[in-house]
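Architecture at a glance
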Amino acid sequence: SGIYVDQLKLWLNYIPKNQFLIINSDDFENDQNKTFKEVEVFLGIDHMNIKFSKKNVGKYSSINMETRNRLSNFFTSYNEKLYSLLNQNYGWK
């Protein structure tokens with residue numbers, strides 16, 4: 001399920017790319033209000049005054065370095081394909 005490029009390509013067979021808004025979870029975590037405003041603009045809806053707090057954003061526990069390296073090596077080529085498809089590099093390691 002973490003191979004986003006393959007999943008997105010399937011959707012793109014049916015829905016034009018301009019009808020997608022891809023949001024980086026890091027952007028949302030760093031500036032929730034700004035990211036939510038982008039969603040409102042994309043959807044063409046009026047601004048909603050929503051108060052966010054850090055507890056709204058999930059946190060992950062640390063993982064073993066060997067496991068992290070194996071996952072990084074596995075996902076690198078898929079992430080590069082995703083970056084190319086979206087013309088956006090998320091810098092995932």
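Here's a quick rundown of the structure. Residue indices begin from 1 for each chain and proceed along its sequence in written order. Reporting in this predicted model follows two pLDDT cut-offs: at least 70 for local features of residues, and 80 or more for side-chain atom pairs to be given and counted; totals over whole chains, interfaces and linings ignore these cut-offs and use all residues. Processing note: side-chain calculations cover all non-hydrogen atoms of the structure and skip hydrogens and water entirely.

Okay, the overall build of the chain next. Note on conventions: DSSP H or I runs of at least 4 residues are helices, E runs of at least 2 residues are strands, and numbering of each starts at the N terminus. Helix and strand counts for the chain come out as four helices and zero strands. Of the regular secondary structure in the chain, the N- to C-terminal order runs α-α-α-α. Radius of gyration here uses only the C-alpha atoms, and the compact-globule reference equals 2.2 Å multiplied by the residue count raised to the power 0.38. A globule of 93 residues ought to have a C-alpha radius of gyration of about 12 Å, yet the chain, at 16 Å, is considerably larger. In terms of overall dimensions, the chain has a C-alpha envelope of 45 × 35 × 20 Å along the principal axes. With a 1.4 Å probe rolled over the protein chains alone, any residue whose accessible area is under 20% of its type maximum counts as buried; one over 50% counts as exposed, and the rest are partly exposed. Here the chain holds 93 residues, and 17% of them are scored as buried. In the chain, 48% of the contacts between residues at least 6 apart in sequence involve partners at least 24 apart. The charged-residue count follows a simple rule in which Lys and Arg add positive charge and Asp and Glu add negative charge, with His and chain termini not counted at all. Charge positions come from single atoms, namely NZ of Lys, CZ of Arg, CG of Asp or CD of Glu. Across the chain, 12 positive and 10 negative side-chain charges occur, with their mean positions spaced 3 Å apart. Contacts are residue-level and defined by heavy atoms, with any inter-residue pair within 4.5 Å sufficient.

With respect to the secondary-structure elements, Gln7 resides in helix 1 (residues 4-12). Overall, Gln7 belongs to the partly exposed group, its relative accessible area being 35%. Beyond its immediate stretch of four places on either side in the chain, Gln7 contacts Ser1 and Gly2.

Glancing now at the packing of aromatic side chains. Pairs were defined over the aromatic rings of Phe, Tyr and Trp, the Trp ring being its six-membered one, requiring ring centres within 6.5 Å. Orientation was assigned from the angle between planes: stacked under 30 degrees, edge-to-face over 60, tilted for the rest. Across all of its chains, the model carries six aromatic pairs by this definition. Ring geometry for Phe74 and Tyr78: centres 5.5 Å apart, planes at 50 degrees, overall tilted. With a gap of four residues between them, Phe74 and Tyr78 both fall in helix 4 (residues 65-86), about one helical turn apart. Phe74 sits in the partly exposed class, given a relative accessible area of 42%. For Tyr78, a relative accessible area of 24% corresponds to the partly exposed category. Seen in terms of ring centroids, Tyr83 and Tyr90 are 6.2 Å apart; in terms of plane orientation they differ by 65 degrees. Their pairing is edge-to-face. Judged by relative accessible area, Tyr90 falls into the buried class, the value being 12%. By the ring-pair criterion, three or more aromatic residues cluster together here, those being Tyr4, Tyr83, Tyr90 and Trp92.

The backbone phi angle of Asn87 is positive, close to 55 degrees, even though this residue is not glycine. Here Asn87 shows up in the segment after helix 4. We classify Asn87 as exposed; its relative accessible area is 67%.

Patch definition: residues above 30% relative accessible area lacking any salt bridge, with like charges linked at up to 9 Å and the nonpolar side chains Val, Leu, Ile, Met, Phe, Trp and Tyr linked at up to 5 Å. Residue burial considers only the protein chains on display, and all accessible areas are found by Shrake-Rupley using a 1.4 Å probe. Should a side-chain nitrogen of Lys or Arg be within 4 Å of a carboxyl oxygen of Asp or Glu, the pair is scored as a salt bridge. Among the surface-exposed residues, Leu21, Ile23, Phe42, Leu43, Ile45, Met48 and Ile50 lie close enough to one another that they form a single nonpolar patch of about 560 Å² accessible area. As for its position among the elements, Ile23 is in the loop between helix 1 and helix 2 (25-30). On the accessibility criterion, Ile23 (38% relative accessible area) is partly exposed.

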